[in-house]
Amino acid sequence: MPADTKIIELRQFLAERLPQARLGMAPERMVPAALPTGIESIDQGLGGGLPQGAFTELVAPGEGSGSAQFIHSLLRHTASAGRFLTLVDGADSLDIDALEPEALAHLLWVRCRSTAEALQTTDLLLRDRNIALVVLDLKLNPAHELRRIPGTLWYRLSRLMEQHGGTVLVITPQPLVAGAAARIVSRTRLDHRDLERSPDTLDLRFETEQRRVREAGARQTA
Amino acid sequence: MYAVIHLPQFPLQAALRLAPELWEQPVALVDPARSTPVVLEMTPPARDAGVERGQTATQALARCTGVRVRHRALAQETATTDVLLQCAYGFSPHLESTAPGLCTLDLRGLSRLQPPEPNALHAWAQELQSSLSAQGLRSHIGFATTPNLARHAAQSGSAVHVVTDAARFVASLPLAALEPSSDTARILTGWGLRTVGELLALDPAELTDRLGLEALGLLAAASTRNTRPLKTIRPPEVWTESWDFEDPVETLEPLLFLLRRFTDSLCARLALAGRAAERVDLSLRLESGNRLERQLNVPEPSRDAAVLLRLLNTHLDTVRSESAVVGLQLTLETTVPAQRQFGLFETTLKDPRQFQETLGRIAAILGSDRVGTPVKLHQHGTDAFRLVPPEFEGVAPLSQPRPALQAPGLRRLRPAPVATVESVDGRPSSIQCPMAQGRLVVTLGPWRTSGRWWETGTWQREEWDATTLRGQVLRLVRQPDGWTVDAVLD
């Protein structure tokens, strides 16, 4: 048996038998019940952040919805916490130039060319219990491809998340994800004047809706 | 002390190395290069059915209607020699490729064989034989104090033969072991000589008077003391397996069946050489004459056959060919495996092996240039980056978030769609492209950049930010060959 496999098994054994020892030695590695996004209005609305082990959907309708800015903020916040983010980029549209190298070092970027590729790779990632946070970005994918996604797919992926503990944020141009635990709706409208502004001063408006984890139907506007 | 590895029926072993189940069936090997192809070797069931060396294929079929006639493949024999040398190199660094199917090893310096006790030699030989057996090769190994004696011992028919009494062993050898010329062999047989011992009993001077210089060569070959320096070589670092199908293959299962054998064989050889695969080159030869070739990068160098096979399986799941497959070749590009110290508690991955496998499967679906961690390139211009394998150990957290650009992030369009742009007074005024049509109400710019004007690859671009009537903000780029939409604000 390879030495690294032995260590993995030993680590799992100790974590099960002596959870307090793990707590004492590596408190920063403890996984919270919700993953904060770093955007205050969203974290407050969702009770701390993206609910773990479940889907969250960010509906970003129309033009200038701020979804790209949201991804950048989420990556920066994740990198600040020393964690990693996996971006399944459905239309290969991430703007590398706007991100600092230190933030990019915390990114696993999966560059897809179609919705089918994005869903297939998301399925593979969710079967891997190493992946904590996946952003599935379908904002620029063609509407006819999105319409072909069977509703049962989301339930199947949900079961994978429950088994392996992953968290998935899906960015869509319209409500799409059946059974999402939380939904964020962008009310942001960026225009040419925002091109002159610093990203920190942009007026990003998001509306959150917690569905299953907290009070069902509770709605807050930020 | 020397050891010689002998692969009996070498051409047949080479032909059946990747199909060992054929040893249980009647198979005859013929050489198509000869004007009259005759049987060179045959499997035991074929021999039992009456097939003999020197028969034509028709005669062999007449003796045994079920015999499968296979052609001798020199490429397979070369590959088998490589396999033999690579396996032997894992046991001794001093080796000679003596002849096809014969490899001589100098055992001096091997501490576990000093002194060369018969039990230790047998144990060592069995390890070597099981290593060769894993490659589908059957071997005989001989040990002696000279290379020639060791060769005779290996060719004596025993699986392992340690020569302890050299004089007695040589005396018992048949004369044919000294490989005399046909004329000399006929003379010696006429004298009633059958063994080397009977030859050595004759007076050397009188023997030379009658047989000439060849007698000296025979006596030297029968010597128990004459040794020779080995022409030592390093085994070629070629990690290739190939196969030509008898019938065209249209489904995935036969390919995977063979690829499993390829990966098992190659990974066992990599383990002996202390190397790991970092890239897999797969080539499918089609019935139409074309080839389907694909290079698959292994995210983390590995010599785990299951990992490589899953990588290939994932890729082949997506392959659609114009015609059936008639040949297959797998080549591994290798490197020294990375050594990593795993901490007990401090890791960000629960199971690094599973993660590498996941990356490999994604790379097989999308291509290895489409998954990884982006690293910006140190050059001017936009959207310049490369992807590297993700590293989860020792990456410092982002201390002070500061956007690389003092502007909101855009969404890049890759590849950038071509646009038809009309200008008024040098400013874009309307656009026609798949994602936007009509008048442009606001235009900001131009921002002009250029680079590499001092060498080939010169570029220059003019950027404009334009808003359509629908409120869509586009980044338009004008280059010498026309307009494109590089990004949108979202």
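Presented here is an overview of the structure given in this document.

On to the overall build of chain B. Along its length, chain B carries 14 helices and 22 strands. Within chain B, the fraction of its 490 residues that count as buried is 33%. Within chain B, residue pairs in contact and separated by at least 24 positions form 57% of the contacts whose partners lie at least 6 positions apart.

Tallying the contact residues gives 59 residues for chain A and 56 residues for chain B. Secondary-structure elements contributing two or more residues to the side of chain A that touches chain B are α1 (3–17), α2 (19–25), α4 (67–80), α5 (101–104), β5 (107–111) and α6 (115–126) of chain A. A class-by-class count of the residues in the side of chain A that touches chain B yields 28 nonpolar, 14 polar and 17 charged. Bridge analysis of β5(A) against strand β14 (residues 371–376) of chain B gives 2 bridges, and the strand direction is antiparallel. Along β14(B), the bridge assignment pairs A:V110 with B:V371.

On to the packing of helix α13 (residues 305–317) of chain B against helix α14 (residues 352–366) of chain B. The relative placement of two packed helices is expressed as an angle between their axes plus a distance between the axes. Residue and element names in this part refer to chain B. Where α13 contacts α14, the two axes come as close as 8 Å, and the packing angle between them is 30°. Classified by the angle between their axes, α13 and α14 sit roughly parallel to one another. Once α13 is placed against α14, the crossing between them reads as right-handed. Contacts from V307, R310, L311, T314 and H315 of α13 reach α14 at E357, G360, R361, A364 and I365. Its residues assigned to classes, the contact of α13 with α14 shows 4 nonpolar, 3 polar and 3 charged.

Before going further, it helps to examine the packing of helix α10 (residues 204–211) of chain B against helix α11 (residues 213–221) of chain B. Residue and element names in this part refer to chain B. Contact pair α10 / α11: the axes reach a minimum separation of 6 Å and the direction vectors enclose 135°. Viewed along their axes, α10 and α11 adopt a mutual orientation that is oblique. Counting all contacts with α10, which are made through P204, L207, T208 and L211, the residues of α11 involved are E214, A215, L216 and L219. Looking at the contact of α10 with α11 residue by residue, the classes come out as 6 nonpolar, 1 polar and 1 charged.

A separate point is the environment of B:S302. Residues and elements named next belong to chain B. Counting through the fold element by element, S302 comes out in strand β12 (residues 291–302). Take S302: there are 21 C-beta atoms within 10 Å of it, and that puts it in the buried class. Between the alpha carbons of S302 and P337 there is a distance of 7.0 Å; along the sequence they are 35 residues apart. Non-local contacts of S302, meaning those with residues more than four positions away in its chain, are made with A276, A277, V307 and L308.

A few words on unusual backbone geometry. Cis geometry is adopted by the peptide bond preceding B:P115, which originates at B:Q114 and carries an omega value of -5°. Summarising the element assignment, B:P115 is placed in the loop between β6 (102–106) and α5 (118–133). Omega for the bond connecting B:G445 with B:P446 falls within 30 degrees of zero, at 0°, which places this linkage in the cis form. The topology assignment puts B:P446 in strand β19 (residues 436–451). We note that A:D92 has phi near 55°; this positive angle belongs to a residue other than glycine. Relative to the helices and strands, A:D92 resides in the loop between β4 (85–89) and α5. Residue A:D92 is classed as buried on the basis of its C-beta count, with 22 C-beta atoms lying within 10 Å.

What follows deals with the environment of A:V185. Looking at the secondary structure, you find A:V185 in strand β8 (residues 182–186). Spatially, the C-alpha atom of A:V185 lies 5.0 Å from that of A:E207, the residues being 22 residues apart in sequence.

This part takes up the nonpolar core. Judged by nonpolar contacts, the single largest core of 106 residues is most densely connected at A:L87, A:V110, A:V134, A:V135 and B:V280. Element by element, the count of residues in this core is highest for α14(B), at 7 residues. What A:L87 contacts, discounting residues up to four positions off in sequence, is A:I71, A:L94, A:L107, A:W109, A:V110, A:V135 and A:D137. One finds B:A3, B:A14, B:F143 and B:V162 within the second-largest nonpolar core, a separate group that totals 53 residues.

With that settled, consider helix α12 (residues 252–273) of chain B. Residues and elements named next belong to chain B. If you check α12, its first and last C-alpha atoms are 31 Å apart, about what 22 residues at 1.5 Å a residue would give, namely 32 Å. Along α12, the residues classified as buried are L255, L259, F262, T263, S265, L266, C267, R269 and L270. Looking at the buried positions of α12, the neighbouring elements they touch are α4 (74–89), β10 (240–249), β11 (276–286), α13 and β13 (325–335). Once α12 ends, the next one or two residues include G274, with phi positive near 70°.

Helix length check: α6(A), at 12 residues, gives a terminal C-alpha distance of 16 Å against a target of 16 Å (1.5 Å per residue), a fit within 8%. Among the residues making up α6(A), those that are buried are A:T115, A:A118, A:L119, A:T121, A:T122, A:L125 and A:L126. Where the residues of α6(A) are buried, they touch β4, β5, β6 (133–137), α7 (143–147) and α8 (151–164) of chain A together with α14 of chain B.

Turning our attention to the sheet that holds strand β5 (residues 95–99) of chain B. Residues and elements named next belong to chain B. The strand order β8-β7-β1-β6-β5-β9 describes an open sheet built from 6 strands, whose pairing is mixed. Each end of this open sheet is capped by a strand with a single partner; those strands are β8 (160–162) and β9 (232–233). Examined bridge by bridge, strand β1 (residues 2–6) and strand β7 (residues 140–144) share 5 bridges and lie antiparallel to one another. Note that in β7 the partner of Y2 across the bridge is A144. Strands β1, β5 and β6 of the sheet are contacted by α4, whose axis makes an angle of about 150° with β5. This element, helix α6 (residues 147–154), spans β1, β6, β7 and β8 of the sheet and lies at about 145° to β7.

So, about the pairing of strand β7 (residues 167–172) of chain A. Within a regular strand, the side chains alternate between the two sheet faces. All names here are of chain A. Among the 6 residues of β7, 6 are classified as buried, and the element is accordingly described as predominantly covered. With 5 bridges joining them, strand β3 (residues 55–59) and β7 adopt parallel strand pairing. Of the residues in β7, the one forming a bridge with F55 is V168. Relative to β7, β6 runs parallel, the two sharing 5 bridges. Across the sheet, the residue bridging to D137 is I171, located in β7.

Right, let's get into the pairing of strand β22 (residues 482–489) of chain B. Residue and element names in this part refer to chain B. Among the 8 residues in β22, 6 count as buried, and that is most of the element. In the sheet, strand β17 (residues 418–424) pairs with β22 via 2 bridges, with the strands oriented antiparallel. Bridge pairing in β22 links A419 to W483. Pairing between strand β21 (residues 473–479) and β22: 6 bridges, direction antiparallel. Residue pairing across strands places R478 opposite W483, the latter belonging to β22. The hairpin formed by β21 and β22 contains 2 residues between the paired strands.

What counts, and where the lines are drawn
Residues numbered from 1 in each chain as written. Chains lettered and ligands numbered in written order. Predicted model: local features only at pLDDT ≥ 70, side-chain atom pairs only at ≥ 80, totals over all residues. Helix = DSSP H or I, 4+ residues; strand = E, 2+ residues; numbered from the N terminus. Buried ≥ 20, exposed ≤ 12 C-beta atoms within 10 Å, placed from the backbone. Contact = placed C-beta atoms within 7 Å. Nonpolar A, V, L, I, M, F, W, Y, C, P; charged D, E, K, R; others polar. Pairing = 2+ DSSP bridges. Axes fitted to C-alpha atoms, helices over the stretch in contact; angles between N-to-C directions. Parallel < 35°, antiparallel > 145°, perpendicular 65-115°, else oblique. Left-handed = near helix turned anticlockwise from the far one by under 90°. Core = buried A, V, L, I, M, F, W, Y, C linked by C-beta atoms within 7 Å. Expected span 1.5 Å × (residues − 1).

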